[in-house]
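# Commentary on secondary and tertiary structure
Next come the chains, spelled out residue by residue.
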Amino acid sequence: PAASEEDRLNELGKLLDEDGEFCVTLSEFVCKRLELALGKESFRDYLPTRVRKRQDGDVRMTSDELQRTLSKRWISAFADSPLDYRGASRAIDTLRELNRLVRLGTSPTAEQLSTARNIVAQMLVAIRQHVSSNFSSPEDAANTCASEGAPEPRSTLAQSELASSMEVDVAVANYISSGNLRGERVAGENYMRSHRDAAEQPRVFVLDGPNVAWRHGLNERFSWSGVLLAVQFLEWHRCVVVAFVPETRFGAGGSAIGNNAEREGVVQLVRRGAIVLTPQADYDDCYVLAYARSHGAVVISNDRFQDHIEQASADGEDASALLRQWLDNCRMSFAFRGDEFLPNPSFDIDRAFTYARQNLRG
């Protein structure tokens, strides 16, 4: 006999139970991959608050917490695993819909429940196969950072300041640095240069100028210093940088800029095209996205550009989906620690540029 609505709802609850096989297995796997990418001393900083506060090391997450954690765009952390871009997207969409039904107390249809069962079963098999083939022993599986080929964990200090979408609160000094980054060890230096071929075409980064400026100013003021520091960092790494900023932030002859040193730096970058001033009546974000997508570039911004994704839906679901996928692959988040510009260390930069160059838009 067909299962009743109550039976289907109960089965859905068991499927998504925090102590159930699916949530426990997925939680452990997510944490192992984050630990591998971010370091044993740092990965817990990126877990849900409730999980971070546990003293017993338990990493189990609810289905809702798993959905939100996977949605944090840890693309490189899950690359070459069952939770790569396609796998994570499928898991997120499935969890989102099932969590919605649970919250509403709505029974899933027989078809929805069957689809959920199949996805969960496939994911469990894929995760176990991945762990079995990539770790030579249970001890290795339990300690991914010790596994052969694991990258050296980044410093705890750098990682603690580098949360991509978690809005790290940093005490930023209110001045432009007089130091020279060329003589310092810069966080992100190695990964910015990793796998670079001398003959490869220059990498182009497009800065969301206002987003960078407001972040450096602690969301209290527009800081041109933030834009200058980001440009300096990227150019030191031999990258091409184009920052778009509304001309209203520049003023006549730079009159809207703070001090003389800052003004001189901005004027120089405007003259050589590293900063592009957008017309007052235009939306600077449109320039950012259009330029990046047509030049095989990566966007640096903490803005998710959700308004643009929604607007793209007017051109059809395909246009909206393509933009969302492009942003998932080609938008790099960042933070500031004082006057030190810190790009997201978990961002897969090589993969991003490969994707950007393969998906150019005229």
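Residues numbered from 1 in each chain as written. Predicted model: local features only at pLDDT ≥ 70, side-chain atom pairs only at ≥ 80, totals over all residues. Heavy atoms only, no water.

## What to know about the overall build of the protein chain
Looking only at helices and strands, the protein chain has 16 helices and seven strands in total. Looking at the protein chain as a whole, 49% of its 362 residues are labelled buried. Partitioning the intrachain contacts of the protein chain with sequence separation of at least 6 by distance along the chain shows that 74% fall at a separation of at least 24. Carbon and sulfur atoms provide 47% of the accessible area of the protein chain, an area that totals close to 18000 Å². (Helix = DSSP H or I, 4+ residues; strand = E, 2+ residues; numbered from the N terminus. Buried < 20%, exposed > 50% of the residue type's maximum accessible area, 1.4 Å probe, protein only. Contact = heavy atoms within 4.5 Å. Areas by Shrake-Rupley, 256 points an atom, 1.4 Å probe, with all protein chains shown as cover.)

## Let's talk about the packing of helix α13 (residues 284–294) against helix α15 (residues 317–330)
Across the interface, α13 lies against α15 with an axial gap of 12 Å and an inter-helix angle of 80°. By the angle between their axes, α13 is roughly perpendicular relative to α15. Seen from α13, the contacting residues are Leu-289, Ala-292 and Arg-293; seen from α15, they are Leu-322, Leu-323, Trp-326 and Leu-327. By residue class, the composition of the contact of α13 with α15 is six nonpolar, no polar and one charged. (Axes fitted to C-alpha atoms, helices over the stretch in contact; angles between N-to-C directions. Parallel < 35°, antiparallel > 145°, perpendicular 65-115°, else oblique. Nonpolar A, V, L, I, M, F, W, Y, C, P; charged D, E, K, R; others polar.)

## Re the packing of aromatic side chains
Counted by the stated rule, this structure contains nine aromatic pairs. The interplanar angle of 85° and the centroid separation of 6.1 Å between the aromatic rings of Trp-214 and Phe-222 together place this pair among those described as edge-to-face. By relative accessible area, Phe-222 is classed as buried at 14%. Three or more aromatic residues joined by ring pairs form one cluster here, namely Phe-233, Phe-334, Phe-336 and Phe-341. (Phe/Tyr/Trp six-rings, centres within 6.5 Å; stacked < 30°, edge-to-face > 60°.)

## Describing helix α1 (residues 5–15)
Every buried residue belonging to α1 is among Arg-8, Leu-12 and Leu-15, and all of these are buried. Looking straight down α1, one finds that the buried residues subtend no more than 60° of arc, so they occupy a single side. In this structure, α1 carries Glu-6 and Lys-14 as exposed residues pointing more than 90 degrees from its buried face. (Arc of directions from axis to C-beta.)

## Notes on unusual backbone geometry
Located in the positive-phi region is Leu-218, a residue other than glycine, with phi close to 55°. Mapped onto the secondary structure, Leu-218 falls in the loop between α10 (209–216) and α11 (224–236). Taking relative accessible area as the criterion, Leu-218 reaches 36% and is therefore assigned partly exposed.

## Section: the pairing of strand β1 (residues 204–208)
The buried fraction of β1 is high, at five of five residues. Going residue by residue along β1, you find Val-204, Val-206 and Asp-208 tucked away on one face and Phe-205 and Leu-207 tucked away on the opposite face as well. As paired strands, β1 and strand β2 (residues 240–246) are joined by five bridges and run parallel to one another. By the bridge assignment, Leu-207 is partnered in β2 with Ala-243. Relative to strand β4 (residues 298–300), β1 runs parallel, the two being bridged by three bridges. Bridged to Phe-205 within β4 is Val-298. (Pairing = 2+ DSSP bridges.)

## A word on the pattern of salt bridges
Tallied over the full model, the rule gives eleven salt bridges. One salt bridge connects Arg-54 with Glu-18, and the closest N-O pair in it is separated by 3.0 Å. One end of the pair, Arg-54, is in the loop between α3 (49–52) and α4 (63–70); the other, Glu-18, is in the loop between α1 and α2 (21–38), and 36 residues separate them in sequence. Judged by relative accessible area, Arg-54 falls into the buried class, the value being 18%. The partner of Arg-50 in a salt bridge is Glu-65, with the nearest N and O atoms 2.8 Å apart. A residue pair is termed long-range when its members are at least 10 positions apart, and Arg-50 in helix α3 and Glu-65 in helix α4 qualify at 15 residues. By relative accessible area, Arg-50 is classed as partly exposed at 39%. Assessed through its relative accessible area of 6%, Glu-65 is described here as buried. Counted as one network, the salt bridges with shared partners bring together Glu-18, Asp-19, Arg-50, Arg-54, Asp-58, Arg-60 and Glu-65. (Salt bridge = Lys/Arg side-chain N within 4 Å of Asp/Glu carboxyl O.)

## Let's talk about the sheet that holds strand β3 (residues 275–278)
Hydrogen bonding along the main chain pairs the strands of a sheet, whether they run parallel or antiparallel. Across the sheet, which stays open at both edges, the five strands sit in the order β3-β2-β1-β4-β5 with parallel pairing between neighbours. Every interior strand has two partners, whereas the edge strands, β3 and β5 (331–332), have only one. As paired elements, β2 and β3 share four bridges and run parallel to each other. By the bridge assignment, Val-245 is partnered in β3 with Leu-277.

## As for the confidence of the model for the protein chain
Any residue range with low pLDDT should be treated as having predicted coordinates unsuitable for detailed reading. When pLDDT is averaged along the protein chain, the result is 75, and 74% of the positions lie at 70 or above. Per-element confidence in the protein chain is highest for β4, whose mean pLDDT is 97, and lowest for helix α8 (residues 156–160), whose mean pLDDT is 32. The low-confidence segment residues 136–191, where pLDDT is below 50, has 108 contacts with residues more than four positions distant or belonging to other chains. (pLDDT = per-residue confidence, 0-100.)

## Comments concerning the side chain of Glu-65
Within the local environment of Glu-65, its side chain forms a polar contact with the side chain of Arg-50, the two groups lying 2.8 Å apart. Once residues lying within four places of it in the same chain are set aside, the contact partners of Glu-65 are Pro-48, Arg-50, Val-51 and Arg-60. (Polar contact = N/O pair within 3.5 Å; in protein donor to acceptor, adjacent residues only side chain to side chain.)

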